[in-house]
Amino acid sequence: MELKSLLGGVWCGGPQAQTPIVSGLDGATVAHASTAGLDRVEALRFAREVGGPTLRAMTFAARAAWVGQLGKAIYTHREALLDLSTATYGATRGDGKFDIDGASGTMAAFAAIGAKLGDVRVLFDGEPEAMGRSARFVGQHLQVPREGVGIHINAFNFPAWGMAEKLAVCLLAGVPALVKPALATAPVAFRIVQIWHEAGLIPPGTISLLCAGAGDLLDGVAAQDVVAFTGSSHTAAQIRSHARVTALGVRVNVEADSLNAAILGPDVADGDVTFDMFLADIVRDLTQKAGQKCTAIRRVFVPAALVPTVGEALQDALSRVGVGPASTADTRVGALPTLAQHEDVASGIAALAAESTVLASCDAPVPEAGFYVAPRVFLANADAVLVHEREVFGPVATVLPYDGTAAALIDGVRKGGGGLVASVYTDDPAWAGEVLAGIAPWHGRVHWGSVKVADQSPGPGTVLPTLVHGGPGKAGNGEELGGLRGLSLYLHRVAVQADRALLDRAVQAGWGAT
Ligand code: NAP
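Residues numbered from 1 in each chain as written. Predicted model: local features only at pLDDT ≥ 70, side-chain atom pairs only at ≥ 80, totals over all residues. Heavy atoms only, no water.

Visitor: Looking at this model, I keep getting lost on the site of the ligand. Mind explaining?
Guide: Inspection of the region around the ligand gives 26 residues, with N154, S232, T235, E391 and H469 positioned closest. A distance of 2.9 Å separates an oxygen atom of the ligand from a polar side-chain atom of D257. One of the side-chain N or O atoms of E391 is found 2.5 Å from an oxygen atom in the ligand. Relative to its unbound accessible surface of 900 Å², the ligand loses 79% to contact with the protein. Among the cavities detected, the one that contains the ligand is the largest pocket. Taken together, the elements giving at least two residues each to the shell around the ligand come down to strand 11 (226-230) and helix 7 (233-240). The leading source of residues in the shell around the ligand is helix 7, at 3 residues. (Near = heavy atom within 4 Å. Polar contact = N/O pair within 3.5 Å; in protein donor to acceptor, adjacent residues only side chain to side chain. Areas by Shrake-Rupley, 256 points an atom, 1.4 Å probe, with all protein chains shown as cover. 1 Å grid on protein atoms, 1.4 Å probe; cavity = no way out; pocket = protein on both sides within 12 Å on 5 of 7 lines; lining within 4 Å. Sits in = over half its atoms within 2 Å of the grid points. Helix = DSSP H or I, 4+ residues; strand = E, 2+ residues; numbered from the N terminus.)

Visitor: What is the right way to look at the pattern of salt bridges in this model?
Guide: Charged atoms that come close allow side chains of opposite charge to pair. What the rule picks out here adds up to 16 salt bridges. The partner of E42 in a salt bridge is R45, with the nearest N and O atoms 2.6 Å apart. With E42 and R45 both in helix 1 (residues 40-57), this residue pair falls 3 residues apart, about one helical turn. E42 gets classed as partly exposed once you look at its relative accessible area, which sits at 33%. Given a relative accessible area of 30%, R45 falls into the partly exposed group. Its salt-bridge partner being D125, residue R493 comes within 2.5 Å of it at the nearest N-O pair. Taken as a pair, R493 in strand 24 (residues 491-499) and D125 in strand 6 (residues 123-130) lie far apart in primary sequence, 368 residues in all. (Salt bridge = Lys/Arg side-chain N within 4 Å of Asp/Glu carboxyl O. Buried < 20%, exposed > 50% of the residue type's maximum accessible area, 1.4 Å probe, protein only.)

Visitor: When you look at the side chain of R40 in this model, what are you seeing that I'm missing?
Guide: Within the secondary structure layout, R40 lies in helix 1. It turns out R40 is buried and unbridged, and the closest side chain with the opposite charge, D216, is 4.4 Å from it. Ignoring sequence-local partners within four residues, the contact set of R40 consists of L210, A212, G213, A214, G215, D216 and L217. (Lys, Arg positive; Asp, Glu negative; His and termini not counted. Contact = heavy atoms within 4.5 Å.)

Visitor: Explanation requested: the sheet that holds strand 21 (residues 443-449) in the structure shown.
Guide: In a beta sheet, neighbouring strands are held together by backbone hydrogen bonds and run either parallel or antiparallel to one another. In space, the 7 strands of this open sheet follow the order 17-18-19-14-13-20-21, with mixed pairing throughout. In the strand order of this sheet, the two ends are held by strand 17 (356-361) and strand 21, each with one partner. Averaged over neighbouring strand pairs, the angle between their axes works out to 25° when direction is ignored. The strands touched by helix 12 (residues 406-414) are strand 13 (261-264), strand 14 (299-303), strand 19 (396-402) and strand 21; relative to strand 14, the strand with the most contacts, the crossing angle is about 170°. (Pairing = 2+ DSSP bridges. Axes fitted to C-alpha atoms, helices over the stretch in contact; angles between N-to-C directions.)

And the structure:
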């Protein structure tokens, strides 16, 4: 498979300067990214000057319908994309579905959300504010599309969903996008964009794709652009401090590392529905996507007296887990996509092991070829530090005993420095309230597992189109999705002080909207 880039409205790349992409299944080369002669800066200009006006001429409802078509095209090619996910990066069928169906589902959700905005090109934001003595002089906030490009730099773990969740919001807002997928899993993103292009769903410059390293991409940013990044804190820091990004004050959104916490309340006992839910969520996050979800549980806070019970239950569950290629019937844990990931997880496990003991592990044989890791759960020593600092991006979590008091627990959770999601398992609303108040400022989302929602909960690991995704501090301090809230990243809010009747007429003249 040869991956080209869709830049300036045409497929670019050639046989020179090819970067190999290997399969997590066995390390064999499965694709090449053709990286020669790509003009990233010109591609941004083309998107800004050709794609932008096309999108701004459409109404919110028209753009929503288009986003819906993009989602449907993914769904139409679902089976082939699932096979491609397995063949190119070793996803199990379940993991592939999580990514591919997440992509089509998110686009469908934003098609529905956007349709409600109607045939308008500008959004009225709130009610008019009184400015003078009469009701005529008002201040009205408007939201208008930014006249730049959404530069989407994505992580390797969700090549389809990660692309779709950023695109759906950006395109609905009326802003063209340039997507730079992580090379390790780029074949899936490439194929999706190719499907859209073949179906005539990409007006020139509205969606661009860069299947290559970032190179000098950020040298081409302009003041109205938005950089939306998902990946490591290290790369995030490089992007934030890029000279042109800083000089122009370019808007940057970061989704980075997160040491997500799961918290077992002191009221929950072995055998309770809430206890089972807690266990199921941990095991799901250790196995699904080989533990490589940004929202996966990394730190498990357990009342000290319950640690042996939790350890036995986890050991029982993990002993029934298979690790290997998707084609093997009992496989629940698939491959990591690259050798670099494999080595990174191995070094993270060694680092955590130095300040903890193994509480539970999967003892299934792990194939020698390919990049596989068996799940394990550590029990942290009392003075453990790294567990709050280093995210091991694989099937690994650490149990931290606490004394059952909310204060000690909150203190421990906050040591993670800010996370995407925390999950609290308790049936005691008073305790939950105390914990919620203590951890809410430190997280983008809090998932409260209780007996009341046990039969409907997807667990903390699923990012939903209607809820915000992002987290303060270490998690990058960004925010995406959250339904209409997500549009704010790509819309500019302006306050206009004017005569109310005249303003309505001016808005009609300027944007064809009332
Ligand atoms: P990474 O090295 O930071 O790569 C992420 C993306 O940034 C890739 O597309 C990469 O391209 C690109 N990139 C690398 N260097 C760049 C630079 N100097 N300028 C611009 N772009 C650059 O991250 P990773 O190690 O692949 O991803 C794993 C991390 O992502 C984990 O720590 C995980 O927590 C985090 N993550 C967070 C979320 C979330 O939603 N918060 C979701 C998924 C993953 P190349 O592939 O070409 O190098």
